[in-house]
Each structure stands twice: as structure tokens, then as C-alpha cells.
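Each chain, written out:
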Amino acid sequence: MFKIGEFSKLSRISIRMLRHYDEIGLLVPEHTDSWTGYRQYAAAQLITASRITALRSLGFSLADTAALLACWEDRTAMERRLLAQRAAVEASIQEASDRLRLLDTAIERLRKDEKQMNYDVTIKTLPERQVASVRQILPCYDREGDLWHIFVRETASLHIQDGDPALCIGVYHDGEYKEADVDVEIQKTVKGTYPDTEHVKFKTVPPVTVASATFQGPYRQIGEVNQAVAAWVEANGYAFDGLFFNIYHVSPRDTRNPDEFVTEVCYPVRKR
């Protein structure tokens, strides 16, 4: 039997944590003196201590650690829990990576001259146009590319001629920003007549007057561009009048470098 100090050295767990593990029932001493309260541990408990340390190093909570110790010999259950923890760690890495990118962008923009951060807003009218359209409810906005894959797959045999100009557009049908189940439509201007496919519908889109701003770079800039368009609309006596959409002049189809994307944010407007 080992005194708590000796067991602490052998297990490389502090006395404070050993006492805490005893209190929560995670690692209870083999014997506790009823008069003095002195704790004594058996050599075999070093195995349990080692397992606790390993699980804690993998990021498991104390409650999860206790549950895993209880099913340690069940390889299927252990693998299931370890895979779930791996997925959680991957998600946290992705979240941290996204935050780093946002911080880098904020630092970069802070260092730039203020004039470079302005976006030019113009009024223009898009004429009536023929489009091929795919519209679905998506899990999130980042999945818009799924619609373009559907478009390419289902129109490959139709030999579609591009319209003039050949505009690739994303239209957002929800009246608000949503975190899930978003109603998105993609359109590509075409020339000629074609039969509908399972998901691709051909239709005529009426002319529309928009306030638009074009920017180069990753899509995370869209929030700033929206602010610029909103300020311009308010200052120039216009009101929003329809679903906003993006025109993708240079997109992931053309380059893998987000800094090379060229996007035009368009808001239908009317004069007040």
C-alpha cells in the first residue's frame, strides 16, 4: 500500500487532484483511515491512474472519463467514444482556424488606408434574360456550391449556349439571414430553348434595377459590402425592392484562391 504522497509521485498526479478524484468517486483509495483520514492506494490502482491521465490528455471531461473507465474493456464502446471525441476536436480546430482568419482579416484591414476599404455603389438595370435555374433548401449558405454541381451534372448533355453576358448568379429567397435551412437559387444566363431536367428549370427573368457594389476577395467581405450598399441606398433616396443576389464574375469555378474572387452584390431598389 502507498501513502498519498508516494502514490502521487508514482502516478504523476498531484495530491490535490487525487483528493478531488476521491471526492467525486473517480479514483477512490484502497483504504482510508477512519480516525486520521489518511488515504492509502494499492499498486494496481496505478493502472487506473494512468488511464485517467491518458483520457484527460485526450480532452475528456471528468464525467466522460468516469464513463470511459466503466467501459474500458468494451472495445466497440471505447472506439465509438474516441471517434466522437476526435470529431469534436476537429470541429474545434476548424472553429479556431476560422477565428484566426477573421483576426488576420481584421488586422489586415486595420493596417490599410481607409480609402481602400470603401466600396463604390452604382445604379444599373439588368435587362430581361433567359436563365437556367436550380433552387433548393440548403443546410447553410456555404453549401451553395451543391446547386452548381447539380446544374453542371444535369445540363452536360444539353450543350447549353451561354447568354450574353454569361452571368452566374446566386439568389437568396429568405427574408432574413438564417443559420440553417436556407432557400437559395442559382441562375446562369443562357441563349436558346432547352427542356427542364429533374432540378434545372429554364425561365425568363424580368428586368430589374439594382444598387450594386463589386469587390475582389473572399466572400467574408460581403458583410462590409452590404453596409456600404445600405448606406448608399439610404443617402440617395432609394428603398430596397426585392430579393438580393450575387453575381459571380470570378468564382471557385475559375480559381482556388479566394483573394482572386470577384463578386458583385446586387440589391433591387426603387426610388422613394
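Attention in this report is confined to the structure presented alongside it.

Cut-off values and rules
Note on numbering: residues in each chain are counted from 1, in written sequence order. With the structure being a predicted model, the display of local features is reserved for residues of pLDDT at least 70 and the display and counting of side-chain atom pairs for 80 or more, all residues being used for whole-chain, interface and lining totals. With hydrogens and water stripped out, all remaining heavy atoms of the structure feed into the side-chain values. By the criteria applied, helices consist of DSSP H or I runs no shorter than four residues and strands consist of E runs no shorter than two, each listed in order from the N terminus. Only protein chains enter the area calculation, which uses a 1.4 Å probe; residues under 20% of their type maximum are buried, those over 50% are exposed, and those in between are partly exposed. Contacts between residues were defined by any pair of non-hydrogen atoms, one from each residue, lying within 4.5 Å. Where accessible areas are quoted, they stem from the Shrake-Rupley method and a 1.4 Å probe; at the residue level, only the protein chains shown are allowed to cover. For the purpose of counting charges, residues Lys and Arg are taken to be positive, whereas Asp and Glu are taken to be negative. His and the chain ends are not included. Where a charge lies is defined by one atom per residue type, namely NZ (Lys), CZ (Arg), CG (Asp) and CD (Glu). Aromatic rings from Phe, Tyr and Trp, with only the six-membered ring used for Trp, were paired whenever their centres fell within 6.5 Å, and each pair was classed as stacked if the ring planes differed by under 30 degrees, edge-to-face if by over 60, and tilted otherwise.

The next point concerns the overall build of the protein. A tally of regular secondary structure across the protein gives 7 helices and 13 strands. If you line up the protein on its principal axes, its C-alpha atoms span 90 × 50 × 30 Å. Split into buried and exposed, the 272 residues of the protein put 35% on the buried side. Taking the contacts inside the protein whose residues are at least 6 apart along the sequence as the reference set, 68% of them involve residues at least 24 apart. Of the roughly 17100 Å² that the protein leaves accessible, carbon and sulfur atoms contribute 52%. Each charge sign in the protein was given a centre, from 34 positive and 39 negative side chains, and these centres are 4 Å apart.

The subject of this paragraph is the packing of aromatic side chains. Using the criterion set out here, one finds 11 aromatic pairs in the structure. Here the aromatic rings of Y141 and Y177 are separated by 5.3 Å at their centres, their planes lie at 25 degrees, and the arrangement is stacked. Of the two residues, Y141 is situated in the loop between β5 (129–138) and α6 (145–155) and Y177 in the loop between β7 (168–172) and β8 (182–191); the sequence distance between them amounts to 36 residues. Owing to a relative accessible area of 24%, Y141 belongs among the partly exposed residues under this scheme. The class of Y177 is exposed, set by a relative accessible area of 64%. With a centroid separation of 5.5 Å and an interplanar angle of 25 degrees, the aromatic rings of W232 and Y238 are classed as stacked. An aromatic cluster is defined as three or more aromatic residues linked by ring pairs; in this entry it consists of Y141, Y172, Y177, F240, F244 and Y267.

Nothing here speaks to function; it is geometry throughout.
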